[in-house]
Structure formats: structure tokens, C-alpha cells
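So you can see what is in the structure, the chains are spelled out below.
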Amino acid sequence: MKSKFFYLTLTCIFAVSFLNIGFSYQFKYIVDSITEANHNKFIMNIIVMVFIIVIMVILEFSRQSLNEIYLNEVGFKINSTLINRFFKSDLAEFGKRGIGEYISKVNNDIEIVKKYHYDTIFSLFQGIVTFLIATVALISLDKLTAMLIFVTSFLPIVVPYLFDKYLSLVQNSISINKSLYNTQLNNSLTGILVIKNSPSDSFYKDTLLSTYKSGNTLSNKRAMIVAFINAFSGFFFYAVSIVILFVGGRQVMNQVITIGALTSIINISNELVMPVNLITDSIADFNSVKGVKQNLLELFPSDIDNDKYQSVIEFKNLDINNLTYKIKGETILENINFSIDSSKKYLLTGESGKGKSTLAYLMTKNLSVHQDSILINQIPINDISYKGIQNLVAFVPQKPVIFQEPYLDNLTMHQKVNPKEIMHYIHVFKLTKRFPNYESLSEIHSGETNLSGGQIQRMAIIRALLQHKPLLLLDESLSSLDKENFVAIENILLHLSELTLIHISHRTNRETVDGYDKVITID
């Protein structure tokens, strides 16, 4: 992922590295001017060093700022890609992983990839550029000493390759562990009342702590490997110091170089250790995160972003022809045939376990059907975009969700809706005791205990109706209501003349069944 911030950061890194070596090189002229007792030359070189420091501070500030801007830009692009794929993936694809794993991918793995992949690109570039500039500077001071320093300093770069596969395996295990912990934590917090009320509360608590402890063990393993690599690299730092003192000292005594040149060699060699360590660490980090990055970008197949589909503006009809659907070889639906016409009302009934909910997910493209057995306006559903289907169908699933935000936002989904229309549905759906006026909808939902199951279902149906979509699909969406409220709401929906209604329910009422244009039995 390249952008102007990427190239600007590289430019600043190059400039800082060049000036940093130049700063160390200046020691030669300062020490030589001292030994020569040349006051003017001494003052002039001090001024040059001060000027270099000021420029370096400005460039380093720019480098760090641009670096952070670029990394945040990368993080946003990865996050945006994943979130878009979350919203476009079908239920079967989405259900392959737990909620905790998705949370871990977004919250943890993106940060890992930012730090150990994209930020490491800058560290690697800085190490290579500094190493090359320092090498040129050392050669200009004394070729023999420079060559020996170069050979000694280059050896640590080989070390990370010795631990490449193991370090990558450990990093991948850390990522998996975090996903598992997030899943377990999500399950525990979601079902906290059930867990506390069961004799297994200590099991869930111990499992959480055990998983967290395993994560710490893996992190310690990674830290020990990195520490060993760094310590091994540090050994060569001392080896370089000995080489400089021995060879450089002899060169001074033989009057091949000056004391000022030896001083600069010592300072630049210290600068050489930093890029060698940077290169060593960068290679280790780069290799360790390869598996995490690959898994992150393959979370969903990229072809789900392809929206080259036919557009459907209005709903005319829906046809299901010889639909058969299997999951892992088990037949869920077999040879299903029926048609839905605009503005008509349909009751889909049948015994539990006959695939009625699966059918609802297929009709809304939340599950993929591999044959052209579902058509909307005579167009195969596979040729219509996922968003196009959602624009046509208001779907209320068996277990609707109320978000932890104001009830008004739950109803409007942050769209502009006439308050009178909202309160009309609140009244006809018999929710006025809970929400007596428009202002009461500003209350924030803080958990399922705030509303009964029947109230949640009624709120979900109101939410669907406020979207003014041509087709309303209810999947056992009145199941928590008593008979009186069930019949009342069913009658309200049956009398919405322009609405196409598909009501999936195993319950039928004599008072309302005749109001449907057709009853379809799934068996």
C-alpha cells in the first residue's frame, strides 16, 4: 500500500540517516582542529554540527509524524476492506468463524500487521540506507578498517533466518490464542447470568484465565527468541569495537590516519551497529508476521467485492423453482416450488426443522444458492447484488437484535424518519406504555432486560416497516407474542395494501389465516 506519505517518510529517513552519519563524520575535523590548535577551524566545525542537529530535529519530527499518518492510513484501508467484506459476506461464509475471532482480527491482527509488516518496511529501509552511507564514510576514512568493520557487522544479519519458521509459528499461535480468548470472553460476557447461575461458573472462569496464561507463555517465547537475536547481534557490536581499536590504533601509530579520523571511525561504527540491528530485527519481524498478514487478508475471498450485477429498482415477483439446498451433504430443502407476487400476502408454514429459516436466508441472499432456482423479477438472484436484494426486502429474523444505543436510533437505523410515523406504529403495536411519547425513545438500550421478548419483536417489525421496502419477510417474528397481540399485529400487516408480506410461522390463527392470499406449506 503506497501513498505520498509512504514516499515522504522514506525521503525523511534517507535525509536523517545521511545527516546522522555526517554528524559523526564531523568529529574528524573537530578533533583534527583541536590537535592543530586551529581556533577558527574549530569554531566553524562546531557551527556546522549545530546546523546539522537543527536540520535533523526538524526532519526527524517530520519522519515520525508522516510515519504515523501512513500507518494509520494503512490500518484504515485494511479495516475498511474487512468491514466491507463482513457486510457483503453470506451467512455461511460469515459463520465459519466466531464473533470473538472477527473482533480479534479487527482489533489485534491489524495492529500486529501495521507494526511488524508495514512499519518494519521503514525500519528495514532505514537500516539499509544508514548501513550503506556509513560504509561509504568509513571507506573514505580508512579502507582497511572499513572492510574489517563491514565483514564483522554483516554477520548478525544471517541470524534471523535461523529462527524464521519457528518465530513465524509462534507469532501465528499468538494470533490464534487472541482470537480464542476474545471468543471465550465474548461468550462469557454475553451469557454471564446463565454462567453465574450454573455450577460451571468456575470452569468458565478458569478457562478464560488458562487461555490468557497460554497467550502470555507464547508472548514470552517470542520475546526470548527476539532477545537472543538481539543479544547475539550485541556480541558483534563489541567485536567491532575491538577491531576498530586494534586495527585503527595501528593505522594511527603507523600515521596512515589521524586521531580525528579514528574518532570519526569509532562514532560511525557505533552508528553502523544500529542499522545492522535494525536490519536483523526487521527481517525477524517481517518473517514472523507473514502468516498473520496472509490469514488476515484471506479472511474472506476478495471476489465478494465484485458488484457487477443487474440492478433491480422495484419488486414485481419472486419465483422459487425446484429449489434443493444441502449443508454438509444433509438435505435441508428439497424440490421447493412457489411464486410470490407484488402486494400479496403469503403465510409459509410447516413443522420445526423443515428449513423455513434456511429458506428465508436464501431468499435474502444471506446464504448462497448454486443454481438459478430463485428468481426476482425473472432475474436469477445470483445475478443481483447483495445490496440490491437488501434494498428490496425488509427482513426480520427469528431473533432480532436491539443495539445498545437510543431506541429511536434502533427504529430509524440513523435515517431521517417522520416522528409522527414512528409514534403511529408505537401506538398501533401497543408499545405506548413503554414509550409514552417521542422523547422517551431517547432512552439508551442497555440489555435485554430493558424489553420483553415480545416488545423486542414488535420494535424489530416497526424498524422494518419504517424502511418502506416493498417486501417484508418475517421469520417467526411474532413467536414471543401472546395470541391477542399476535392476531392484532398480523391483522395490521395484512391490511397494508401495498406491502408484499411473506410470514414464516408454525402458528396459524383462524382469525387471520383467511386474510392471506395463499398459505404455503413447507414439508
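This report concerns the structure included in the present document.

The rules we used
Residues numbered from 1 in each chain as written. Predicted model: local features only at pLDDT ≥ 70, side-chain atom pairs only at ≥ 80, totals over all residues. Heavy atoms only, no water. Patch = residues over 30% accessible without salt bridge, like charges linked within 9 Å, V, L, I, M, F, W, Y side chains within 5 Å. Areas by Shrake-Rupley, 256 points an atom, 1.4 Å probe, with all protein chains shown as cover. Salt bridge = Lys/Arg side-chain N within 4 Å of Asp/Glu carboxyl O. Helix = DSSP H or I, 4+ residues; strand = E, 2+ residues; numbered from the N terminus. Buried < 20%, exposed > 50% of the residue type's maximum accessible area, 1.4 Å probe, protein only. Pairing = 2+ DSSP bridges. Axes fitted to C-alpha atoms, helices over the stretch in contact; angles between N-to-C directions. Contact = heavy atoms within 4.5 Å. Core = buried A, V, L, I, M, F, W, Y, C linked by side-chain atoms within 4.5 Å. Phe/Tyr/Trp six-rings, centres within 6.5 Å; stacked < 30°, edge-to-face > 60°. Arc of directions from axis to C-beta. Polar contact = N/O pair within 3.5 Å; in protein donor to acceptor, adjacent residues only side chain to side chain.

1. Regarding a nonpolar patch on the surface
On the surface, I46, V50, V54 and I58 cluster together into a nonpolar patch covering about 320 Å² of accessible area. In this structure, V50 sits in helix α2 (residues 39-88). In this structure V50 comes out as partly exposed when scored by relative accessible area, which is 46%.

2. Concerning the sheet that holds strand β3 (residues 345-349)
Each strand in a sheet pairs with another by means of backbone hydrogen bonds, the pair being arranged parallel or else antiparallel. Taking strand neighbours across the sheet as the criterion, the five strands line up as β6-β7-β8-β3-β9 in an open arrangement whose pairing is parallel. For this open sheet the edge positions go to β6 (393-396) and β9 (518-521), each flanked by a neighbour on one side alone. Taking each pair of neighbouring strands and ignoring which way they run, the sheet shows an average axis angle of 15°. Sheet analysis places β3 next to β9, joined by four bridges and oriented parallel. Residue pairing across strands places T349 opposite T521, the latter belonging to β9. Docked against the sheet, helix α16 (residues 453-465) engages β6 and β7 (471-475), running at close to 175° with respect to β6. Where helix α17 (residues 483-494) meets the sheet, it contacts β3, β7 and β8 (500-504), and its direction lies at approximately 150° from that of β8.

3. Considerations on the pattern of salt bridges
Opposite charge on two side chains permits pairing when their charged atoms draw close. Counting across every chain of the model gives seven salt bridges. Two residues, E443 and R434, come together in a salt bridge whose shortest N-O distance is 3.1 Å. Classification of R434 by relative accessible area gives partly exposed; the value is 22%. Its salt-bridge partner being E511, residue K483 comes within 3.5 Å of it at the nearest N-O pair. Separated by 28 residues along the polypeptide, K483 in helix α17 and E511 in helix α18 (residues 510-513) bring together distant segments of the chain. Exposure remark for E511: the relative accessible area of 47% places this residue in the partly exposed category.

4. Quick word on the side chain of N509
Along the polypeptide, N509 turns up in the loop between β8 and α18. The exposure class assigned to N509 is buried, which follows from its relative accessible area of 8%. Dropping the residues within four chain positions of it, N509 is found in contact with K483, F486, V487 and E490.

5. Quick notes on the nonpolar core
Among soluble globular proteins, nonpolar side chains are generally buried collectively. One finds I426, L441, M459, I461 and L472 to be the most contacted residues of the largest nonpolar core, which totals 36 residues. Contributing elements (two or more residues each) for this core: β6, α14 (407-412), α15 (419-428), α16, β7 and α17. Here this core gets seven residues from one element, more than from any other, and that element is α16. Residues within four places of L441 in sequence aside, it is in contact with P406, Y407, L408, L411, I422, M423, I426 and F435.

6. A closer look at the packing of aromatic side chains
Counted under the stated rule, the structure contains 11 aromatic pairs. Ring centres of F23 and F27 lie 5.8 Å apart, and the angle between their planes is 85°; this geometry places the pair in the edge-to-face category. Taken together, the residues F23 and F27, both in helix α1 (residues 4-35) and four residues apart, mark about one turn of the helix. Among the residues examined, F27 registers a relative accessible area of 26% and is labelled partly exposed.

7. Comments concerning α15
Turning to α15, its buried residues number three or more, namely I422, M423, Y425 and I426. With its buried residues spanning 160° around the axis, α15 presents them on a single face. Away from its buried face, by an angle of more than 90 degrees, α15 presents the exposed residues K420 and H427. On its buried side, α15 packs onto α14 and α16. Measuring from the backbone nitrogen of K420 back to the side-chain oxygen at the start of α15 gives 2.8 Å, which picks out N418 as the cap. In the segment just after α15, K430 is the residue with positive phi, at about 60°.

8. Topic: unusual backbone geometry
Positive phi, normally seen in glycine, also occurs at K328, with a value near 55°. A relative accessible area of 85% places K328 in the exposed class. Even without being a glycine, N377 presents a positive backbone phi close to 55°. Its place among the elements puts N377 in the loop between β4 (374-376) and β5 (379-380). Judged by its relative accessible area of 17%, N377 is buried.

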